[in-house]
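# A structural walkthrough
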Amino acid sequence: MDEWVEEEALMSSASIRNPALERSADAALRRIFGFIAFYSLLIFCGLIVLIAACGLTWWVLGTLIPALLQHLKLVVLLLVMLAGIWGVALLVGGILIEPLFRIEKSSPGRARIVTKQEAPELFGLIEETVHEVGASMPKTVYITPDADACVFFDASYWGLFKGAEKNLSIGMGLMADLSRSEFKAVLAHEFGHVAQSAMRCGSAVWILNQMIDALLSSRSRFDERIDAWAQADSRLWRLFGSAAKRLLRFIRGLVLKRWIKLKKADLSLSRQMEFDADAAAGRTAGITNTISMLAKLPVLSRRQTLCSRLIAQFYREKGELLTDFWGAYRSLEHLFERNDGVRLSALEPLAMIPAGFEGSDARLSLEDVWDTHPVIADRIEALRRLAGDASEDDAQGAESHSPAMSLIPAALAMAVGAEALSAVTGVDPTRAGKTKESRGTSQFAVWAQGEFSRYIPPVSLAPYVDRDLVEFDLSTAIENALAAPQPDPFIPANDADVRQYAAALEDAGALRDILLSRREAEALRYGSIRVEDLNSKNLDEALSQPMALAEERLQSLEPRVRTLDEAVFKWLYSHEKPADRGAVARSYCDIFYAQSFLSSADTLADRGERLQAWLDRVNEQLLDAKKAEAEVFMKETSALMDDVTALLPYIDWDALEDVEDAAGLQELRRTADSFVAKDENEAEETVETRTLTSFAQNIVHLHETLRQAARGFIADRVYELRAAGPDMTGLGSSEEDA
């Protein structure tokens, strides 16, 4: 508590308080301590059980057993039962109490502790940022090769009351193309969290997360003993072991339900805190630098992932290990730029998220109840609204724009890179940092160029093929494809249209998922329309306007995108070898068919899953006992049967042969035939419902698989033909050859 008071006193002079956020944090802290009270009550109940067990033991040993000494078997039975009661109480109590005394010395994966002596410039920037934000220095600073940064805590139950030790993790992958000013925004954001008085809640949530994870997920020595006890040879002794398992499952279920409610509320606060920490970064490092840092994040993350994947593949194929991870990353920069269309440089800030990356064309912004962070587009928009003080931003912009990587000494960078190489190749880090048995990065870059051409499609191509296509007349398109040379449709002038259509599809899909309760959201914004508190509103009414606008956007884009989708088909069909053109046409047929079926069967799998879960939860006797529940169940089953039988005539079994083996497809067809000819009585309804729900889920899954397989084939052909060039295609073949 003293540490919190000291930090708040420091903040009062160095940072700007957010009263609304602090009120939310206070409410969250009350919920947290309410959960602690609930958990303490469980432990108190356990103590009462132990006291009762002590009293029972005293009575049995002092009164009952002396009176029954002539009945030796009964005495032994009483002693066994007494031992069983004590065993259940002690083992279950041990599992409940153990998280209170567990100390989690957390550290990020592939982390290396760095000191001020090793990286004086880095620590100089950290100390400067800490002072400006109004936070305290972290206990430990870690460096990882990842494109990420975070503040985390050493977690123990007692840290809730005395304050948790804060640590800082810095990812060198994040520093790769940031300037020092942009990297300062990263640090200011993280220390902005620490400086918030609301961070009392953040540390408490972190600690409770570790505790609850230990209780619900981790297996301790007590769990192992209960498992062994439940499998004991003695039937009576095994009975107590099984009772302990059931009791523990019941207690964990209670804790989980209460924790889920608390977690949802605190994740909402977490999203608010991200905006507040961004504001702290903007005040400290400048709005322009903070926006640029956020805009670069998705690009840096993708590039880091690709680099690691390519290094691992190079090692597997060539058997040769690179020695310089960061040199390898630099050798790929021109390939990255050509692939994602983004020029990243410490000298060039970005003003917005690059096209093709997260949220660049979306109009829908969701506050998903399980998201810890708002979407980057919303964070950038919030920062733009704060950019009223131009002089402050200009002053920050005058800071050094030298690369952030220059803060890390070469030897330390090599050591961190060796850890990255070890992680992606599985080779010991000491060898990864010292071996000379490897090609230089220039040879790796030459090899990687071929991989990019064959297997890593440009970001700009994804919206052309990785989405639902707008259906067009395939027969006419086939006739026209070979009538004249087909121009390349994959040009910048068309990119914006397909990107916007792909984003519009995602927006409409997300809104529909919320409407059908497939996804939980607290609030949403579609364009200028904001809908709050979705959990307490009639969703049909609340979402009517956003859904109408999303549908209107789709309809306005469809004519243009239909023309482009047809142009892609004609280009692909005309450039394909004559022998392969039939496969292209068949794949488009499969895509159009699967899209149409899945659109009609949109709620089929959902209803099947609900009924299946119901059947797993109850049996026929329980349904007979609850008449109202049984009536709803039968009505839902009847509705699912109507949906299935209405779709049966439209199933193209021949198309499904591509994604299911003959035996599985034959079984599904037999089941479908039985639905058509069904004449079963009500006593058999439960058995039929299980078959029905399984059929509904399987048939939807097969169509999703068919759509994905056909899309994948089209995408592969587009990528391969574009990489090969026109000389490697069937361009110029006559229609008769086809």
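These figures come from a predicted structure and were not determined experimentally.

Reading guide: rules and limits
Residues numbered from 1 in each chain as written. Predicted model: local features only at pLDDT ≥ 70, side-chain atom pairs only at ≥ 80, totals over all residues. Heavy atoms only, no water. Helix = DSSP H or I, 4+ residues; strand = E, 2+ residues; numbered from the N terminus. Buried < 20%, exposed > 50% of the residue type's maximum accessible area, 1.4 Å probe, protein only. Areas by Shrake-Rupley, 256 points an atom, 1.4 Å probe, with all protein chains shown as cover. Pairing = 2+ DSSP bridges. Axes fitted to C-alpha atoms, helices over the stretch in contact; angles between N-to-C directions. Core = buried A, V, L, I, M, F, W, Y, C linked by side-chain atoms within 4.5 Å. Contact = heavy atoms within 4.5 Å. Salt bridge = Lys/Arg side-chain N within 4 Å of Asp/Glu carboxyl O. Parallel < 35°, antiparallel > 145°, perpendicular 65-115°, else oblique. Left-handed = near helix turned anticlockwise from the far one by under 90°. Nonpolar A, V, L, I, M, F, W, Y, C, P; charged D, E, K, R; others polar. pLDDT = per-residue confidence, 0-100. Phe/Tyr/Trp six-rings, centres within 6.5 Å; stacked < 30°, edge-to-face > 60°. Lys NZ or Arg CZ within 6 Å of the ring centre and 35° of its normal. Expected span 1.5 Å × (residues − 1).

## A short note on the overall build of the protein
- Within the protein one finds 30 helices and seven strands.
- Expressed as a percentage of its 738 residues, the buried residues of the protein come to 48%.
- About 35600 Å² of surface is accessible on the protein, with carbon and sulfur atoms providing 54% of the total.

## Quick notes on the sheet that holds strand β4 (residues 166-171)
- Strand order in the open sheet made by the four strands is β1-β2-β4-β3, with mixed pairing throughout. Strands with a single pairing partner mark the edges of an open sheet, and in this sheet they are β1 (112-114) and β3 (149-153). Across the sheet, the axes of successive neighbouring strands diverge by a mean angle of 30°, strand direction being ignored.
- Pairing between β1 and strand β2 (residues 140-144): three bridges, direction antiparallel. Bridging from a neighbouring strand, arginine 112 pairs with isoleucine 143 of β2.

## Digging into the nonpolar core
- Ranked by internal contacts, the top residues of the largest apolar core, which has 72 residues, are Leu122, Ile126, Ile170, Met172, Met175, Phe183 and Phe444.
- Counting residues per element, this core draws most heavily on helix α11 (residues 287-318), at twelve residues.
- If near-sequence neighbours (up to four positions away) are discounted, methionine 175 is found in contact with Ile170, Phe183, Ala404, Met405, Leu407 and Ile408.

## Remarks on the pattern of salt bridges
- On inspection of all chains with the given rule, the structure shows 26 salt bridges.
- Across the pair arginine 343 and glutamate 337 runs a salt bridge whose closest N-O atoms are separated by 3.8 Å.
- Close ionic contact of glutamate 667 with arginine 670 constitutes a salt bridge, the shortest N to O distance being 2.5 Å. Placement of the pair is glutamate 667 and arginine 670 together in helix α29 (residues 662-676), with a separation of three residues, close to one helical turn.
- Each member of the salt-bridge network shares a partner with another, and the members are Glu128, Glu132 and Lys184.

## Let's talk about the environment of aspartate 673
- On the secondary structure map, aspartate 673 appears in helix α29.
- For the pair aspartate 673 and leucine 648, spaced 25 residues apart in the sequence, the C-alpha separation amounts to 9.0 Å.

## Examining the packing of helix α23 (residues 544-575) against helix α24 (residues 581-600)
- Where α23 meets α24, the closest approach of the two axes is 9 Å, and the angle between their N-to-C directions is 160°. Judged on the interaxial angle alone, α24 and α23 are roughly antiparallel. When the axes of α23 and α24 are compared, the crossing they make is right-handed. Between α23 and α24, the residues in contact are Asp565, Val568, Phe569, Leu572, Tyr573 and Ser574 and Arg581, Val584, Ala585 and Tyr588, respectively.
- Residue composition of the contact of α23 with α24, grouped by class: seven nonpolar, one polar and two charged.

## Considering the confidence of the model for the protein
- Taken residue by residue, the protein gives an average pLDDT of 79. The fraction at 70 or more is 78%.
- Looking over the protein, one finds the lowest element-wise mean pLDDT in helix α1 (residues 2-14), namely 38, and the highest in α23, namely 94.
- Considering only residues more than four positions removed or in separate chains, one finds that residues 432-438, a stretch of pLDDT under 50, has 17 contacts.
- Counting interchain partners and residues more than four positions distant, the pLDDT-below-50 stretch residues 726-738 has 20 contacts.

## Considering the packing of aromatic side chains
- Applying the stated rule across the entire model yields 16 aromatic pairs.
- With centroids separated by 5.3 Å and ring planes inclined at 90°, the aromatic side chains of phenylalanine 490 and tryptophan 571 adopt a geometry described as edge-to-face. Taken together, the positions of phenylalanine 490 in the loop between α20 (474-481) and α21 (492-515) and tryptophan 571 in helix α23 put the pair 81 residues apart, joining distant regions of the chain. Across this residue pair, the class does not change: phenylalanine 490 and tryptophan 571 are buried.
- Among the aromatic residues, those joined into a ring-pair cluster are Phe472, Phe569, Tyr573, Tyr588 and Phe592.
- Cation over ring: arginine 581 sits above tyrosine 573, and NZ or CZ is 5.8 Å from the ring centre.

## Description of the pairing of β3
- Where burial is concerned, most of β3 is hidden: four out of the five residues are buried.
- Judged from the five bridges that link them, β3 and β4 form a sheet pairing that is antiparallel. By the bridge assignment, phenylalanine 152 is partnered in β4 with asparagine 167.

## Observations regarding the environment of leucine 564
- Tracing the backbone shows leucine 564 in helix α23.
- Along the backbone, leucine 564 and valine 470 are 94 residues apart, and their C-alpha atoms lie at a distance of 9.1 Å.
- In contact with leucine 564, other than residues within four places in its own chain, are Asn494, Asp497 and Val498.

## Concerning the packing of α20 against α23
- It is the contact of α20 with α23, at a shortest axis distance of 9 Å, that shows an interaxial angle of 50°. It follows that α20 is oblique to α23 by the angle criterion. In this structure, α20 crosses over α23, and the sense of that crossing is right-handed. Along the contact surface, α20 presents Leu474, Ala477, Ile478, Asn480 and Ala481, while α23 presents Glu566, Phe569, Lys570, Tyr573 and Ser574.
- Its residues assigned to classes, the contact of α20 with α23 comprises six nonpolar, two polar and two charged.

## Here we look at α11
- Look at α11: 46 Å from first C-alpha to last across 32 residues, which is about the 46 Å you get at 1.5 Å a residue.
- Glycine 319 occupies a position one or two residues after α11 and carries a positive phi of about 70°.

## Concerning the environment of glycine 417
- Counting through the fold element by element, glycine 417 comes out in helix α16 (residues 410-425).
- A relative accessible area of 2% means that glycine 417 is categorised as buried.
- For glycine 417 and aspartate 324, which are 93 residues apart along the polypeptide, the C-alpha to C-alpha distance reads 6.5 Å.
- Ignoring anything within four residues of it in the chain, the contact list for glycine 417 reads Phe325 and Trp326.

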